[in-house]
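Overview (structure and organization)
These are the residues of each chain, in order.
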Amino acid sequence: MTTPLWKRVIVYILEGLLALVFISPLIWVVICSFSPQPGSAQSKGWGVNNYLTLFGYQEGLPKYLFNSVVVTLVAVVFSVVVCTLAGYSFSRFDYPGRNLGFMVTLSILMVPYASLLIPLMVWYKDIGLNDSLLGVGLVITLFQLPMSTFIMRNAFDAIPKDMEEAAMVDGCNSLQSLIKILVPVVKPSMVTVGLLAFLEAWNNFMIPLYLSSSSNATLPLALVNMRQQTMGVIDYGATEAGVVILMIPAAILFLALQKYYVKGFMAGAVKG
């Protein structure tokens, strides 16, 4: 039965209003980053002075962007590789302690990561990873493991084992069947894992705060440090410019990969 036109119009209007509610803060931030604001570099007229202030702050915007990109790449690559292999292992191999290992991995969700940062900082000093971008990326990967491994295990569970058995009959071993047969099928789930790791690493503030110095600060940490000006006045203009710069890559990546993101989340939810 065809839905009446008036009902469809109402649904479209409600969807549009809901979308506007979510988008309006982003639009407001973009406008305010160019608009005149007292206490900011753009105090008169409209312009890009707030972005120029951000560009020249301490180590410079390119340095903070570089740090964020390195941390994000480390977190995304390690999360996708480790969680794909872990999900494949938990799904396909039967070995003593498999279920216990999976439960231990999921139990990381119950640990507030702020409580682990001080011990990690002490340990990192001993192994030489303190104040390093690699160390920050690895810690972010650690806290991505539970949900991402859960998603990947369920994605592999949804694939019939006959596909692997046919590949092994043709001469493939377990690793070859994973790479050639299963990885193309679970690609949406891998994209979901990578996107979750990207969003967590790109926007993370707490972990770089504990494990990085000012020279290795990521952009979110630099923005918080920049907010305070003389006499404690907050530079809202430069802060909003930084939020816009942080928002652009995340929005572009999410819009480009949302089809895979939704498929990957559904694959990880249906089986669980």
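See above for the structure.
Overview of the structure.

For helix H6 (residues 133-157), which comprises 25 residues, the first-to-last C-alpha distance of 35 Å matches the rise-based estimate of 36 Å (1.5 Å per residue) to within 8%. Of all the 25 residues making up H6, 19 are buried; the element is thus mostly covered by neighbouring parts of the structure.

Positioned with a positive phi, Asp131 is a non-glycine residue whose angle comes to about 55°. With respect to the secondary-structure elements, Asp131 resides in the loop between helix H5 (114-127) and H6. Relative accessible area serves as the criterion here: at 29%, Asp131 is assigned to the partly exposed category.

The next subject is the pattern of salt bridges. Opposite charge on two side chains allows them to pair when their charged atoms are near. For the coordinates displayed, the defined rule picks out 1 salt bridge. In this structure, the salt-bridge partner of Asp157 is Arg153, at a minimum N-O distance of 3.8 Å. You can see Asp157 and its partner Arg153 sitting in helix H6, 4 residues apart, about one turn around the helix. A relative accessible area of 25% means that Asp157 is categorised as partly exposed.

Estimates place the volume of the largest pocket at around 160 Å³. What lines the largest pocket is Leu26, Met247, Ala250 and Ala251. For the lining of the largest pocket, the leading source of residues is helix H12 (residues 236-270), giving 3 residues. Its residues assigned to classes, the lining of the largest pocket comprises 4 nonpolar, no polar and no charged.

Looking at where Asn67 falls in the secondary structure, it is placed in helix H3 (residues 61-92). Overall, the relative accessible area of 0% leaves Asn67 in the buried class. Engagement of the side chain of Asn67 in a polar contact is seen with the backbone oxygen of Ala217, the distance being 2.8 Å. Residues contacting Asn67, with those up to four places away along its chain left out, are Leu133, Ser215, Asn216, Ala217 and Thr218.

Before going further, it helps to spend a moment on the nonpolar core. Ranked by size, the top nonpolar core spans 21 residues in total, and within it Leu54, Tyr64, Leu219, Leu223, Met226 and Ile245 carry the most contacts. For this core, the secondary-structure elements that each account for two or more residues are helix H2 (49-55), H3, helix H9 (187-203), helix H11 (219-226) and H12. At 6 residues, the largest contribution of residues to this core is made by H12. In this structure Ile245 touches Tyr51, Leu54, Leu61, Leu65 and Leu219, once residues within four positions along its chain are discounted. In this structure, Cys83, Tyr88, Leu145 and Phe156 belong to the second largest nonpolar core, which totals 15 residues.

Checked against the element boundaries, Leu117 lands in helix H5. Note: C-alpha distance between Leu117 and Leu211 (94 residues apart in sequence) is 7.8 Å. Once residues lying within four places of it in the same chain are set aside, the contact partners of Leu117 are Val139, Met206, Ile207, Tyr210 and Leu211.

All chains considered together, the criterion is met by 6 aromatic pairs. Directly above the aromatic system of Phe102 lies the positively charged group of Arg153, at a separation of 4.1 Å from the ring centroid.

Bringing the packing of H3 against helix H4 (residues 98-107) into the picture now. Contact geometry for H3 and H4: axes closest at 9 Å, N-to-C directions at 140°. In the crossing of H3 with H4, the sense of the turn from one axis to the other is left-handed. Contacts between H3 and H4 involve Ser89, Phe90 and Ser91 on the former and, on the latter, Arg98, Gly101, Phe102 and Thr105. In the contact of H3 with H4, the residues fall into 2 nonpolar, 4 polar and 1 charged.

Below, the discussion takes up the packing of H4 against H6. Relative orientation of the contacting elements H4 and H6 amounts to 135°, with a least axis distance of 7 Å. Judged on the interaxial angle alone, H6 and H4 are oblique. Crossing of H4 against H6: the hand is left-handed. Taken together, the residues of H6 that come into contact with H4 (itself represented by Phe102, Thr105 and Leu106) are Leu145, Pro146, Thr149, Phe150 and Arg153.

Scoring rules and cut-offs
- Residues numbered from 1 in each chain as written.
- Predicted model: local features only at pLDDT ≥ 70, side-chain atom pairs only at ≥ 80, totals over all residues.
- Heavy atoms only, no water.
- Helix = DSSP H or I, 4+ residues; strand = E, 2+ residues; numbered from the N terminus.
- Expected span 1.5 Å × (residues − 1).
- Buried < 20%, exposed > 50% of the residue type's maximum accessible area, 1.4 Å probe, protein only.
- Salt bridge = Lys/Arg side-chain N within 4 Å of Asp/Glu carboxyl O.
- 1 Å grid on protein atoms, 1.4 Å probe; cavity = no way out; pocket = protein on both sides within 12 Å on 5 of 7 lines; lining within 4 Å.
- Points joined across faces, edges and corners; volume = space filled by probe spheres on them.
- Nonpolar A, V, L, I, M, F, W, Y, C, P; charged D, E, K, R; others polar.
- Polar contact = N/O pair within 3.5 Å; in protein donor to acceptor, adjacent residues only side chain to side chain.
- Contact = heavy atoms within 4.5 Å.
- Core = buried A, V, L, I, M, F, W, Y, C linked by side-chain atoms within 4.5 Å.
- Phe/Tyr/Trp six-rings, centres within 6.5 Å; stacked < 30°, edge-to-face > 60°.
- Lys NZ or Arg CZ within 6 Å of the ring centre and 35° of its normal.
- Axes fitted to C-alpha atoms, helices over the stretch in contact; angles between N-to-C directions.
- Left-handed = near helix turned anticlockwise from the far one by under 90°.
- Parallel < 35°, antiparallel > 145°, perpendicular 65-115°, else oblique.

Structural measurements only, silent on function.
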